[in-house]
Amino acid sequence: MIKRCIQLAYNGLGTTYPNPLVGCVIVHEGKIIGEGWHQKAGEPHAEVRAIASVKDKSLLSESTLYVSLEPCSHYGKTPPCADLIIAHCIPRVVIGTIDPFAKVAGRGIEKLRTAGCEVTVGVMEKECRELNKRFFTFHEKKRPYIFLKWAETADGFIAPALKDTLAPVWITDAYTRQEVHKMRSEEQAILVGVGTVLADNPSLDTRDWYGKNPLRVIIDPHLRSPKEFKVWNDQQPTLFITNKEKVSNKSYGLQTEVIGIDLSRNVPQQICDLLYQRNIQSLIVEGGAYTLQQFINAGLYDEMRIYKSEVSFGEGVKAPQIS
C-alpha cells in the first residue's frame, strides 16, 4: 500500500512547495476505502483528504492508515494530521519514512504511539526518500536539490563555434524540449550564466507545458545582459547574481532582484546558500558549459540529465567534463 501512497503523492509534483509530496491510503479488511494526496501548500494534507474520502467513517476505528511520510504533529497552515488520526481512533498506522523537518522529526510518530496507535515505520523507506529527494536534501544538506541539464552532439559539443542568429541552436527535437519544459514546471528555480543569455536570449519559462514558471537565476558578474532581453521582462521571478560592487539601490521591477556576491569565492556554494535562504528546494542548472563545470567541480549536484543527439558539429563549445 505504501507503493500506492507514492503513486498518489507524485500527483503533487511542482505544486506543493515548500511542503513535501505525500500520499495516503486507508484500508479496511483488505479493501481500500479512502485515498488522498497533498495537492498544494496551505491546503489539506494527504491524511486529511484520505479520511474525508471515506464514506462510512465508522470503519476507520477498524482500519489501517498507510502514509508515505510521517504525519505532522504541529500547527502550520493546517492542524496536525496526527491529531486527526487519533480523533478518528484509527488503530494502525504504517509510515514510509520519518519527516526530517525539525518541527516534526519523530514527534508525529511519538504522538500516535502515546495515543495507543500501533505504528510501523520504514516501509519502502528508500522509495519514500526518493519521492521527496528535494525536501530531504533541503532539510538535511541545507541547499536545493540540484539537477545539471544539457544537450550534446554525437561528437561532444553543446553549441556550435559560430552562429548567425540570436536564438538557441537546437540539438534535440520538439519532444525533448517539451519534456524539458515539463521539468521546469516541476522545479523551483533554473540557472544559467550570462554567456547563455547573450548567445540565446532565452525565456527560461514553461511555455510548452502547463505549470508555474520557475525562478530565473542569472549569473551576470557585470550586468551585461541587455535590458531588452527576455530575462529582464519581469514576467516571472528573476534573480541576477552579480559582483557585489555592481549592486545599487535601483528598482529593477516587481519580480526582478539583483544580488551581489564575492565572485572570488565558491560561487556555486554561495548561490546554494542564497537559494536556501529563499526556501528554494530544487534548482536546474541549464548552462552554459562554464557554469555547469563550476557546479561539477564544486561537487554541488544530485542528478545529471544529459540529452545526446545524432547531430555532429565538428567544432564548437565542448560539453562539460565528468569523471
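Quantities reported herein were computed from a predicted structural model and do not represent experimental measurements. (Residues numbered from 1 in each chain as written. Predicted model: local features only at pLDDT ≥ 70, side-chain atom pairs only at ≥ 80, totals over all residues. Heavy atoms only, no water.)

Brief notes about the overall build of the protein chain
Along its length, the protein chain carries 10 helices and 14 strands. The C-alpha extent of the protein chain, read off along each of the three principal axes, is 70 × 50 × 35 Å. Taken over 323 residues, the protein chain has a buried fraction of 50%. Restricting to contacts in the protein chain with at least 6 residues of sequence separation, those with at least 24 account for 67%. Accessible area for the protein chain stands at about 15,600 Å²; split by element, carbon and sulfur atoms hold 50% of it. With 39 positive and 37 negative side-chain charges, the protein chain shows a spacing of 3 Å between the two charge centroids. (Helix = DSSP H or I, 4+ residues; strand = E, 2+ residues; numbered from the N terminus. Buried < 20%, exposed > 50% of the residue type's maximum accessible area, 1.4 Å probe, protein only. Contact = heavy atoms within 4.5 Å. Areas by Shrake-Rupley, 256 points an atom, 1.4 Å probe, with all protein chains shown as cover. Lys, Arg positive; Asp, Glu negative; His and termini not counted. Charge placed at Lys NZ, Arg CZ, Asp CG, Glu CD.)

Things to note about the sheet that holds strand E10 (residues 238-243)
Sheet architecture is open: 7 strands sit in the order E11-E10-E9-E8-E12-E6-E13, paired in parallel fashion. Strand pairing shows two members of the sheet lacking a second neighbour, strand E11 (256-261) and strand E13 (303-308), which therefore form its edges. Taking each pair of neighbouring strands and ignoring which way they run, the sheet shows an average axis angle of 20°. Of the strand pairs in this sheet, strand E8 (residues 189-193) and strand E12 (residues 282-287) are connected by 4 bridges, and their pairing is parallel. (Pairing = 2+ DSSP bridges. Axes fitted to C-alpha atoms, helices over the stretch in contact; angles between N-to-C directions.)

Regarding the packing of aromatic side chains
Inspection of every chain in the model, using the stated rule, returns 5 aromatic pairs. Here Trp232 and Tyr252 contribute two aromatic rings whose centre-to-centre distance is 5.6 Å and whose plane-to-plane angle is 35°, an arrangement assigned as tilted. Within this pair, whereas Trp232 is found in the loop between strand E9 (215-219) and E10, its partner Tyr252 is found in the loop between E10 and E11, the two being separated by 20 residues in sequence. The two residues Trp232 and Tyr252 agree in class, both being buried. These aromatic residues form a ring-pair network of at least three members: Trp232, Phe240 and Tyr252. Note that Arg177 overlies the ring of Trp170, its terminal NZ or CZ placed 4.4 Å from the centroid. Residue placement shows Lys227 over the ring face of Trp232; its charged tip is 4.4 Å from the ring centre. (Phe/Tyr/Trp six-rings, centres within 6.5 Å; stacked < 30°, edge-to-face > 60°. Lys NZ or Arg CZ within 6 Å of the ring centre and 35° of its normal.)

Digging into the domain arrangement of the protein chain
By domain assignment, the protein chain separates into domain 1 (1-136) and domain 2 (143-318). The C-alpha centroid of domain 2 is placed 36 Å from the C-alpha centroid of domain 1. At the interface, 7 residues of domain 1 touch 9 residues of domain 2. Among the residues domain 1 hides against domain 2, the three largest losses belong to Tyr17, Lys133 and Arg134. Together they make up 67% of the total. Linking domain 1 to domain 2 there are 2 salt bridges. (Domains from an automatic or database assignment. Buried area = accessible area lost by both parts, 1.4 Å probe. Salt bridge = Lys/Arg side-chain N within 4 Å of Asp/Glu carboxyl O.)

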